[in-house]
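The chain contents come next:
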Amino acid sequence: MTALVRFLVIKRLSGNSSTLMVAKEYFVDGVSPSSISYKYKISKFRVRGYIQRITEKTRNSYLASLIIKQVFPLVLEIEPAVIKVNEKYVCLLCDQSFHNEVTIENHLRRKHEEYINKTVKDVLESAKELSFALGTHKGS
Ligand SMILES: [Zn+2]
């Protein structure tokens, strides 16, 4: 569960909403990769790549959908750590700016590991509290 939550948290912190929407629409709403590709203007190849990477995190697509259903609203509550300002991306955690979207995730992983870990921990704790409250906790 942690690997998948971590993946989603990093996407959210990077401001990469399209990957999050692919995860939610495919694994929770059951939308087909071709519809998702059309809706978000992402190539089918990339949509399938995201789906494959997410499935690999849990080794099981049913488990992936259970986890995403549970944590998706919590991940959306996280404030992105990177904002886009005039064609530039600015990291709100350290004020560094980037011209390339691709470098953002690497920057977060390299410079803000602790922040990522703390955010992942918060999401996992909230998910646990939520599942206790709903009586759906199964000890995993
Ligand atoms: Zn930074």
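Here the structure is a predicted model, which means the values were calculated and not measured. (Residues numbered from 1 in each chain as written. Predicted model: local features only at pLDDT ≥ 70, side-chain atom pairs only at ≥ 80, totals over all residues.)

**Here's the deal with the packing of helix α2 (residues 17-27) against helix α5 (residues 61-76)**
Here comes step 1: In the contact formed by α2 and α5, the axes pass within 9 Å of each other and the chain directions differ by 135 degrees. As the angle between them shows, α2 and α5 are arranged oblique. Considering only the axes of α2 and α5, their crossing is left-handed. Of the residues in α5, those touching α2 at L20, A23, K24 and F27 are A64, S65, I68, F72 and V75.
Here comes step 2: Looking at the contact of α2 with α5 residue by residue, the classes come out as 7 nonpolar, 1 polar and 1 charged. (Axes fitted to C-alpha atoms, helices over the stretch in contact; angles between N-to-C directions. Helix = DSSP H or I, 4+ residues; strand = E, 2+ residues; numbered from the N terminus. Parallel < 35°, antiparallel > 145°, perpendicular 65-115°, else oblique. Left-handed = near helix turned anticlockwise from the far one by under 90°. Contact = placed C-beta atoms within 7 Å. Nonpolar A, V, L, I, M, F, W, Y, C, P; charged D, E, K, R; others polar.)

**Digging into unusual backbone geometry**
Here comes step 1: At E87, a residue that is not glycine, the phi angle is positive and equals roughly 65 degrees.
Here comes step 2: Along the chain, the position of E87 falls in the loop between β1 (82-85) and β2 (88-91).
Here comes step 3: With 6 C-beta atoms counted inside 10 Å, the residue E87 sits in the exposed group.
Here comes step 4: Positive phi, normally seen in glycine, also occurs at D95, with a value near 70 degrees.
Here comes step 5: Mapped onto the elements, D95 comes out in the loop between β2 and β3 (97-98). (Buried ≥ 20, exposed ≤ 12 C-beta atoms within 10 Å, placed from the backbone.)

**A word on the environment of V102**
Here comes step 1: Examined against the element boundaries, V102 turns out to sit in helix α6 (residues 102-111).
Here comes step 2: C-beta crowding within 10 Å serves as the criterion here: with 8 such atoms nearby, V102 is assigned to the exposed category.

**A short note on the pairing of β1**
Here comes step 1: Two strands pair when backbone bridges link them, and β1 and β2 are joined in this way by 4 bridges, in the antiparallel orientation. Bridge assignment links V85 to a residue of β2, and that residue is K88. (Pairing = 2+ DSSP bridges.)

**Examining the pairing of β2**
The two faces of the sheet receive side chains in turn, since in a regular strand these alternate between them.
Here comes step 1: Adjacent in sequence and paired antiparallel, β1 and β2 are bridged by 2 residues, among which N86 carries a positive phi angle near 45 degrees.
Here comes step 2: Linkage of β2 to β3, two consecutive antiparallel strands, is achieved through a turn of 5 residues, within which D95 is found at a positive phi near 70 degrees.

**What about the sheet that holds β1?**
Here comes step 1: One open sheet holds the 3 strands; their spatial order is β1-β2-β3, and the pairing between them is antiparallel. Edge positions in the sheet fall to β1 and β3, since each of these pairs with one other strand and no more.

**Quick notes on α2**
Here comes step 1: Among the residues of α2, T19, V22, A23, K24, Y26 and F27 are the ones counted as buried.
Here comes step 2: Each element contacted by the buried residues of α2 is listed here: α1 (2-13), α3 (33-40), α4 (44-58) and α5.

**A look at the environment of S17**
Here comes step 1: Take S17: it is sitting in helix α2.
Here comes step 2: Spatially, the C-alpha atom of S17 lies 9.2 Å from that of L76, the residues being 59 residues apart in sequence.

**Considerations on the packing of α1 against helix α7 (residues 113-133)**
Here comes step 1: Running from N to C, α1 and α7 point in directions that differ by 120 degrees, and their axes come no closer than 9 Å. Of the possible angle classes, the one that applies to α1 and α7 is oblique. Both α1 and α7 take part in a crossing whose hand is right-handed. Contact residues: T2, V5, R6, V9, I10 and L13 in α1; I116, T119, V120, V123 and L124 in α7.
Here comes step 2: Here the residues of the contact of α1 with α7 are counted per class, giving 8 nonpolar, 2 polar and 1 charged.

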